Amino acid sequence: NWYNKGMTMIMDIISKNSRDLNTMATQFINVLVDYLGVNVGAFYILNKPEREAPHFEMIGSFAMSDIRSKMSIPVDEGYLGVCYKEKQKLIVDNLPKGYIEYKSGLGHTCLKNLILIPILLDSELKGTIELASFEMLPEYKISLLDKLADNLASSIEIVQMNSRMKKVVDQLHEHMEEMNSQKEEMMQNLEEMKATHEESERIRQTQAEMESKLAAQDEIIRKDEEELKVLREKYNALLDKFNKAVG
């Protein structure tokens, strides 16, 4: 039937592009807009930079204005802000004039109906799907959206976790190289001190300082390895869950 056909087709897009979020979002929103018969669509990801305020970023769209697609949207702004705060589906049937325009060969037309579907993983917002149309979506189409959003959340988390793992692996390699470099430099200094007959007490102090620095570096590496282990376990569990959902 219509639901199963759409589910299979769109989940195939999510599955095949589960490691490339931007490609997946673009293909997803284009197929979704066509299949649901709406006019405009956008796929937003929620970004949470360490030193900046969280914001939405559009990573896939259909018939959306170029200006809006390049914007970083604060999480407290407009209908997206409401969806962020309430973490619930938002349906609007009387959009303000000019909120979203549909451009066709006949010119620009203001759309009146909007639906925002939050993409949630364990109550944590990962992104939002935004669709606008001339007519309000019937319930059976909304139910497909709800189910797709559930699977999208896992896909987004897989991509983001994969990125975090790569960052930790790079960090681990960097710390190991630093430790090896420090060890080599310290051993060389120690040998030079012995060769120039430095006092044994100073040699002992230097050796103790070396061991302390290496122990501190070793602890940093141990924490990196532990973090990587935890991330891999979460990643594998999530990937297994996702594969079962799309299988």
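Computed from a prediction, not measured in an experiment: that's the story for all the values here.

Peer 1: Would you mind showing me how to read the packing of aromatic side chains here?
Peer 2: The way to describe two aromatic rings as a pair is by their centre distance and the angle between their planes. A full pass over the atoms with the stated rule returns 6 aromatic pairs. Centroid distance Trp2 to Tyr35: 4.8 Å. Interplanar angle 15 degrees. Geometry classified as stacked. Residue Trp2 is located in helix α1 (residues 2-16), and its partner Tyr35 is located in helix α2 (residues 21-36); the two are separated by 33 residues in the primary sequence. According to the relative accessible area criterion, Tyr35 is buried, its value standing at 14%. Ring centres of Phe56 and Tyr84 lie 6.2 Å apart, and the angle between their planes is 90 degrees; on these two criteria the pair is classed as edge-to-face. Highlighted residues: Phe56 in strand β2 (residues 55-62) and Tyr84 in helix α4 (residues 78-86), separated in sequence by 28 residues. Taken together, the aromatic side chains of Trp2, Tyr35 and Tyr140 make up a single cluster linked through ring pairs.

Peer 1: Is there a simple way to explain the nonpolar core in this structure?
Peer 2: Burial of nonpolar side chains together is a common tendency in soluble globular proteins. Counting 51 residues, the largest nonpolar core has Phe28, Leu32, Phe43, Ile129, Leu131 and Leu145 as its most contacted members. Counting residues per element, this core draws most heavily on helix α5 (residues 139-195), at 18 residues. In contact with Leu131, other than residues within four places in its own chain, are Ile29, Leu32, Val33, Leu36, Val38, Val40, Gly41, Asn113, Leu114, Ile115, Leu137 and Leu145.

Peer 1: Would you mind going over unusual backbone geometry with me for this structure?
Peer 2: Peptide bonds are, in most cases, trans, and in most cases residues other than glycine have a negative phi. In the Ramachandran plot, Lys87 falls in the positive-phi region, its phi being about 55 degrees despite a non-glycine side chain. In this structure, Asp122 takes a positive phi of about 50 degrees despite not being glycine.

Peer 1: Explain the sheet that holds strand β7 (residues 113-121) here, please?
Peer 2: Strand pairing within a sheet occurs via backbone hydrogen bonds; the two strands may be parallel or antiparallel. One open sheet holds the 6 strands; their spatial order is β3-β2-β1-β8-β7-β4, and the pairing between them is antiparallel. The open sheet is flanked by β3 (72-74) and β4 (90-92), the only strands paired with a single partner. In this sheet, adjacent strand axes meet at a mean angle of 25 degrees when their direction is disregarded. Pairing between β7 and strand β8 (residues 124-133): 9 bridges, direction antiparallel. If you follow Leu114 over to β8, its bridge partner there is Ala132. Of the strands in this sheet, β1 (40-47), β2 and β8 touch α2, which is tilted by about 55 degrees from β2.

Peer 1: Any chance you could explain the pattern of salt bridges here in plain terms?
Peer 2: When their charged atoms lie close together, side chains carrying opposite charge are able to pair. Inspection of every chain in the model, using the stated rule, returns 8 salt bridges. With a shortest N-O distance of 3.2 Å, Asp12 and Lys16 are connected by a salt bridge. Pair noted here: Asp12 and Lys16 are both in helix α1, with a separation of 4 residues, about one helical turn. What makes Asp12 partly exposed here is its relative accessible area of 35%. Two residues, Lys166 and Asp170, come together in a salt bridge whose shortest N-O distance is 3.1 Å. Of this pair, Lys166 and Asp170 both sit in helix α5, separated by 4 residues, roughly a single helical turn. Lys166 sits in the exposed class, given a relative accessible area of 55%.

The rules we used
Residues numbered from 1 in each chain as written. Predicted model: local features only at pLDDT ≥ 70, side-chain atom pairs only at ≥ 80, totals over all residues. Heavy atoms only, no water. Phe/Tyr/Trp six-rings, centres within 6.5 Å; stacked < 30°, edge-to-face > 60°. Helix = DSSP H or I, 4+ residues; strand = E, 2+ residues; numbered from the N terminus. Buried < 20%, exposed > 50% of the residue type's maximum accessible area, 1.4 Å probe, protein only. Core = buried A, V, L, I, M, F, W, Y, C linked by side-chain atoms within 4.5 Å. Contact = heavy atoms within 4.5 Å. Pairing = 2+ DSSP bridges. Axes fitted to C-alpha atoms, helices over the stretch in contact; angles between N-to-C directions. Salt bridge = Lys/Arg side-chain N within 4 Å of Asp/Glu carboxyl O.

That is the geometry; function is a separate question.
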